[in-house]
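The chain contents come next:
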Amino acid sequence: MSIVMTTRPPEAPSNKVAAFKPTLLQTEEHHLCPGCGEPVAIRLVLEVIEELGLAQKNVSIIGHGCYGSFIMTMDVDSTLCLHGRAPAVATGLKRMRPDVAVWTLQGDGDMTSEGLAEILHATARGENITCILLNNGVFGDTGGQMTASSVIGQRTKNTLEGRDAAYHGHPIVIGDMVAAMPGAAYVARGSVHNAASIAATRRLIRKGFQRQMEKKGLSLVEILTMCPTGWFVPASGGADYMMESLGKTYPLGEIKDISASE
């Protein structure tokens, strides 16, 4: 067994084996908090878009959240919309431009709190779009309040003692709701808390876009992301806290794949 000394610089030079960032990401600099998982999730989406040859044939509809700042750094045709309305805007765009891959980017506050009706009705209609949900159980953009996805016991700025079912109600597990509807073609839940999960989530995102290209119906890929600032935990402890809280309510993996049943 070889031992790598970490008290001094490595003797062997580094070997770059791949590009550090996808071409569609203009810069790796961002203004999000230390330990945030959203930059990793967005990077995965852009990598998949390039890989599928959709770099010049995609449009993103972005909701309201911390991730909205990426509209300035993604080399993708994008538009912001009213809080929660991304699936409705995507519906109109896709019907006018069926040749374009249309995808939404929303947080859990945007999708499950403000826009619950929009995602459910878009699914009921079987709209041929791909929806990306960044779920950290926090209204990060407005200060860190609880959302409809915050899990029991989760700390936020208005649930300092943790979400209480008797007082606040139970979390809305949107992935399971969408998967139960006939218009849903593909529903999956991934995470970015470690390298293995990042690789697995990339495969889920790819399938989400593929089902749209196959004209199967609506795809929803939920990605659990870290928000140490909103959870009041150190940045280094965000991944563990996420899996101890959200991870128990939102199990990872594919929930529905219409192609698998054909």
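The text that follows walks through the structure, step by step, so that each part is easy to find. (Residues numbered from 1 in each chain as written. Predicted model: local features only at pLDDT ≥ 70, side-chain atom pairs only at ≥ 80, totals over all residues. Heavy atoms only, no water.)

**So, the overall build of the chain**
The condition is simple: Under the DSSP-based scheme used, a helix requires at least four consecutive residues in state H or I and a strand at least two consecutive residues in state E, with every element numbered from the N terminus. The globule rule is 2.2 Å times the number of residues to the power 0.38, and the radius of gyration it is compared with is taken over C-alpha atoms. Computed by Shrake-Rupley with a 1.4 Å probe, the accessible areas treat only the displayed protein chains as cover when residues are assessed. As used throughout, the charge tally considers Lys and Arg to be positive and Asp and Glu to be negative, leaving His and the chain termini uncounted. The atoms used to mark charge sites are NZ of Lys, CZ of Arg, CG of Asp and CD of Glu.
When helices and strands are tallied, the chain shows 9 helices and 9 strands. Taking 18 Å as the expected radius of gyration for a compact globule of 262 residues, we find that the chain reaches 19 Å, a close match to that expectation. Across its three principal axes, the chain shows a C-alpha extent of roughly 60 × 50 × 35 Å. For the chain, the exposed area adds up to about 12500 Å²; of that, 56% sits on carbon and sulfur atoms. With 23 positive and 26 negative side-chain charges, the chain shows a spacing of 5 Å between the two charge centroids.

**Quick word on the pairing of strand 3 (residues 101–107)**
We apply this condition: Burial classification: accessible surface area is computed with a 1.4 Å probe over protein chains only, and a residue below 20% of its type maximum counts as buried, one above 50% as exposed, and the rest as partly exposed. What makes two strands pair is DSSP finding at least two bridges between them.
Strand 3 sits mainly inside the fold: 7 of its 7 residues count as buried. Side chains of strand 3 alternate between two faces, with Ala101, Trp103, Leu105 and Gly107 and Val102, Thr104 and Gln106 buried alike. The pairing of strand 1 (residues 58–62) with strand 3 spans 5 bridges and is classified as parallel. Residue Ile61 lies in a different strand from strand 3, and its bridge partner there is Thr104.

**A look at the nonpolar core**
Going by this rule: We call a set of buried residues a nonpolar core when its members are Ala, Val, Leu, Ile, Met, Phe, Trp, Tyr or Cys and they connect through side-chain atoms within 4.5 Å of each other. Residue contacts are counted whenever heavy atoms from the two residues lie within 4.5 Å of one another.
The biggest cluster of nonpolar side chains holds 43 residues, and the ones touching the most others in it are Trp103, Phe209 and Trp231. Elements that contribute at least two residues to this core include exactly helix 1 (38–51), strand 3, strand 4 (130–135), strand 7 (184–191), helix 7 (195–213), strand 8 (218–224) and helix 9 (238–249). Considering every element that reaches this core, the biggest residue donor is helix 1, with 7 residues. Setting aside anything within four residues of it in sequence, one finds Trp103 in contact with Val45, Ile49, Asn58, Val59, Ser60, Ile61, Met74, Val76, Thr130, Ile132 and Phe209. Core analysis: the second largest hydrophobic core is formed by 22 residues, Ala86, Val102, Ile129 and Ala184 among them.

**Observations regarding the pattern of salt bridges**
Basically, it comes down to this: Criterion for a salt bridge: a side-chain nitrogen of Lys or Arg within 4 Å of a carboxyl oxygen of Asp or Glu.
Throughout the structure, instances matching the rule amount to 15 salt bridges. Residue Asp176 pairs with Arg189 through a salt bridge whose shortest N-O separation is 3.7 Å. On the criterion of sequence distance, the pair formed by Asp176 in helix 6 (residues 174–179) and Arg189 in strand 7 is long-range, its members being 13 residues apart. Here Asp176 falls in the partly exposed class, since its relative accessible area comes to 42%. Connected through salt bridges with shared partners, the residues Glu28, Arg43, Glu47, Glu51, Arg202 and Arg206 form a single ionic network.

**With respect to the side chain of Thr225**
Mapped onto the secondary structure, Thr225 falls in the loop between strand 8 and helix 8 (228–231). Excluding its chain neighbours within four sequence positions, the residues that come into contact with Thr225 are Gly37, Glu38, Ala41, Leu134, Asn135, Asn136, Val192, Trp231 and Met242.

**Looking at the sheet that holds strand 4**
Operational definition: Here, axes are lines fitted to C-alpha atoms. For helices the fit covers the stretch in contact, and angles between N-to-C directions go from 0 to 180 degrees.
Read across the open sheet, the 7 strands follow the order 2-1-3-4-8-7-9; overall the sheet is mixed. A single partner strand is all that each edge strand has here, and the edge strands are strand 2 (77–80) and strand 9 (253–257). Taking the axes of each pair of neighbouring strands and ignoring which way they run, one obtains an average angle of 15 degrees across the sheet. The pairing of strand 4 with strand 8 spans 6 bridges and is parallel. Residue pairing across strands places Ile132 opposite Val221, the latter belonging to strand 8. Where helix 2 (residues 86–96) meets the sheet, it contacts strand 1 and strand 3, and its direction lies at approximately 175 degrees from that of strand 3.

**Remarks on the side chain of Thr112**
The condition that has to hold: Whenever two N or O atoms come within 3.5 Å, that pair is a polar contact, provided that in protein one can donate a hydrogen and the other can accept it, and provided that, for residues adjacent in sequence, both atoms are side-chain atoms.
Looking at the secondary structure, you find Thr112 in helix 3 (residues 108–114). Within the local environment of Thr112, its side chain forms a polar contact with the backbone oxygen of Asp108, the two atoms lying 2.5 Å apart. Separated by 3.0 Å, the side chains of Thr112 and Ser149 make a polar contact. Thr112 has contacts with Ala148, Ser149, Ile172 and Ile174, leaving out every residue within four places of it along the chain.

**Points about the packing of helix 1 against helix 7**
Condition: When describing relative orientation, an angle under 35 degrees is termed roughly parallel and one over 145 degrees roughly antiparallel, while 65 to 115 degrees is termed roughly perpendicular and anything else oblique. Rotating anticlockwise by less than a right angle from the far helix to the near helix defines a left-handed crossing, while the corresponding clockwise rotation defines a right-handed one. Ten residues, namely Ala, Val, Leu, Ile, Met, Phe, Trp, Tyr, Cys and Pro, are considered nonpolar, four, namely Asp, Glu, Lys and Arg, are considered charged, and the remaining ones, Gly among them, are considered polar.
Following both chains from N to C, one finds helix 1 and helix 7 inclined at 50 degrees, their axes separated by 9 Å at the closest point. Comparing their axes, helix 7 and helix 1 come out oblique. Handedness of the helix 1/helix 7 crossing: right-handed. Side by side, helix 1 and helix 7 meet where Val40, Leu44, Val45, Glu47, Val48, Ile49 and Glu51 of the first sit next to Ile198, Thr201, Arg202, Ile205, Arg206 and Phe209 of the second. Class assignment of the residues belonging to the contact of helix 1 with helix 7 gives a composition of 8 nonpolar, 1 polar and 4 charged.

**Remarks on the environment of Thr112**
For Thr112, a relative accessible area of 2% gives the class buried. Placed 62 residues apart in sequence, Thr112 and Ile174 show a C-alpha to C-alpha distance of 6.8 Å.

**Some words on the packing of helix 2 against helix 4 (residues 116–124)**
For the pair helix 2 and helix 4, the least separation of the axes is 7 Å and the interaxial angle reads 35 degrees. Here helix 2 contributes Pro87, Ala88 and Thr91 to the contact with helix 4, which in turn contributes Glu118, Ile119 and Ala122.

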